[in-house]
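Overview (structure and organization)
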Amino acid sequence: MIESVPSVIEPASSSSVEDFSDHVNPQWVRLLDLLQMNTQYVRCEGVELTTQHGETILDFLSGYCVHNAGHNHPWILDQLQEELQRRGPVMLQSHVPNLAGVLGKRLCTLAGGKLNKAFFGCSGSEGVESAIKFVRAATGRAGLLYAQGAFHGLTCGALSMMGDEFWRGKFGPMLDGTVEIPFNDLHALESQLRTRRFAGLFLEPIQAEGGIRLPEPHYLRDAQTLCERYGTLLVLDEVQTGMYRAGRFLAAHHYGVEPDIVVLAKSLSGGIIPCSAVLMSDRVYESVFDSLKRSIVHTSTFSDNAMSMRAGLATLDVLEREALGSRALMLGQKLRDRLRNRLAGYEMVREIRGQGMLSGIEFQAPKQVWLRVAFEAFRAIHKSMFGQVVVMRLFHDHGILTQICGNNFMVLKIAPPLVVSESQLETFIDAAAEVVHTMHHSRTFWSEALNLGRRAINI
Ligand SMILES: Cc1ncc(COP(=O)(O)O)c(C=O)c1O
């Protein structure tokens, strides 16, 4: 007998959570349960997430920087609904998908410099994989250089350019010929480039998961000069920093650097439909698609699909019309200034840094003995535990969703949608100040945290 399936699945039902646990990822459910963050959301708009119990959570995580335009922006929804109503060729594979042309032109114009062609895919990792193929084709070399602390994605090629054993373990062997260099170190870069083995240098202009690490003012421009000298292409992974997150369309625009390739994804399609874009120079494009018979030598079934392209165009409309880049610049600076002011003097706060609406609070081990003992006990359980407890406190005590950086567990990432209001930023500042105060003065903070840590070991 065929079981009847309800036509509308209620997202918040407990049976759908069980189904997820039974058939998708039970460990993720266990982790959310442990952190007491297994909350069901029924409506998401702008910066606000409404839970099934009617509470409002402020989103300062933006789905890992997917929601620059805010959750479910009405213009993007309207445009997608219109596209669906047209019943046009969403994925035909035998025609010219003209919306891809419109979006490609708009992205290349905004990016500027040498970037004049776009290849569309579905994820940041796919964009990075494509860039690996493009730099190899364009240079005839195999080697790939990447920076310590980088996050480029979890497919095998992208993962081969991430040094952290946490991500790599069990999945090897990685691609041959990848070499890690320290971020911001031009000497290390040049000594590798000199071998002329490298097809591409892959860098995030601002390392997001690496701990919101900013480049030295001249680093990217000098890296470009060195790459040109030794025949290596410069690839900027702007998956997280692009689309005005750092205040300009590309973070590269802050540094006057002109890369050969830029990878965009995440916020490109409004946080609703997957989409990535690899923007490249004509020279790079022509090295891959160099004849009629190679016109589809690198492609992807969902590339250029009309829904993603429409979402991309609508997202650009929103970002431009609402001037969200200049807003991110202005409010981001204000946020960091206010945080520096409020968190000054707390010994565990090492630095507050960022650009545009991408900021981080870096914590450090305390010196006071009682705090140090608690902190070390805690760190012994797991390196990420301290940061997770900060995330948990912000969530439970203040209704704010955040994350710690994926490759630097001592940095709390602050990345709300760019439509965030000043009063929502003030709410965050008050909340962060209260959590930081508590960790410096309350033994209960540490005893509760240690209990959590012990439970984590036992499950
Ligand atoms: C800088 C950067 N590059 C690439 C990726 C991979 O993107 P995706 O998860 O869409 O494959 C990420 C994901 O967080 C990222 O932050």
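Here the structure is shown first, and the text comes after it.
Here the structure is a predicted model, which means the values were calculated and not measured.

Side note on the side chain of His298
Its location among the elements puts His298 in the loop between α11 (282-288) and α12 (306-321). Among the polar contacts made by the side chain of His298, one reaches the side chain of Ser130 at a distance of 2.9 Å.

Observations concerning the pairing of strand β9 (residues 261-264)
Here β9 shows two buried faces, one formed by Ile261 and Val263 and the other by Val262 and Leu264. Strand direction decides the pairing type here: β9 and strand β10 (residues 276-280), joined by 4 bridges, are antiparallel. Paired with Leu264 across the bridge in β10 is Ala277.

Focus: the side chain of Gln79
Residue placement: Gln79 occurs in helix α4 (residues 74-86). With a relative accessible area of 10%, Gln79 lands in the buried category. Beyond its immediate stretch of four places on either side in the chain, Gln79 contacts Arg310 and Ala314.

Looking at helix α6 (residues 124-139)
The first and last C-alpha atoms of α6 sit 23 Å apart over 16 residues, in line with the 22 Å expected at 1.5 Å per residue. Listed in full, the buried residues belonging to α6 are Gly124, Ser125, Glu126, Gly127, Val128, Ser130, Ala131, Ile132, Phe134, Val135 and Ala138. One or two residues past the end of α6 sits Gly140, with phi positive at roughly 70°.

Here's the deal with the packing of α4 against α12
Where α4 meets α12, the closest approach of the two axes is 9 Å, and the angle between their N-to-C directions is 150°. By the angle class used here, α4 and α12 are roughly antiparallel. You can see that α4 and α12 cross each other, and the crossing is right-handed. Contacts from Trp75, Ile76, Gln79, Leu80, Glu83, Leu84 and Arg86 of α4 reach α12 at Ala306, Met307, Arg310, Ala311, Ala314, Thr315, Asp317, Val318 and Arg321. Its residues placed into classes, the contact of α4 with α12 shows 9 nonpolar, 2 polar and 5 charged.

Concerning the pairing of strand β8 (residues 233-237)
Each regular strand carries side chains that alternate between the two faces of the sheet. Counted residue by residue, β8 has 5 buried out of 5 residues, so it is predominantly covered. Regarding the hand of the β-α-β motif, the stretch spanning strand β7 (residues 198-203), helix α10 (residues 219-230) and β8 is right-handed.

Quick notes on a nonpolar patch on the surface
Side chains of Phe20, Val24, Trp28 and Leu31 sit close together on the surface and give an oily, nonpolar patch of about 360 Å² of accessible area. Mapped onto the elements of the fold, Phe20 is located in helix α1 (residues 14-23).

The rules behind these values
Residues numbered from 1 in each chain as written. Predicted model: local features only at pLDDT ≥ 70, side-chain atom pairs only at ≥ 80, totals over all residues. Heavy atoms only, no water. Helix = DSSP H or I, 4+ residues; strand = E, 2+ residues; numbered from the N terminus. Polar contact = N/O pair within 3.5 Å; in protein donor to acceptor, adjacent residues only side chain to side chain. Buried < 20%, exposed > 50% of the residue type's maximum accessible area, 1.4 Å probe, protein only. Pairing = 2+ DSSP bridges. Contact = heavy atoms within 4.5 Å. Expected span 1.5 Å × (residues − 1). Axes fitted to C-alpha atoms, helices over the stretch in contact; angles between N-to-C directions. Parallel < 35°, antiparallel > 145°, perpendicular 65-115°, else oblique. Left-handed = near helix turned anticlockwise from the far one by under 90°. Nonpolar A, V, L, I, M, F, W, Y, C, P; charged D, E, K, R; others polar. Right-handed = clockwise from strand over helix to strand, strands pointing away. Patch = residues over 30% accessible without salt bridge, like charges linked within 9 Å, V, L, I, M, F, W, Y side chains within 5 Å. Areas by Shrake-Rupley, 256 points an atom, 1.4 Å probe, with all protein chains shown as cover. Salt bridge = Lys/Arg side-chain N within 4 Å of Asp/Glu carboxyl O.

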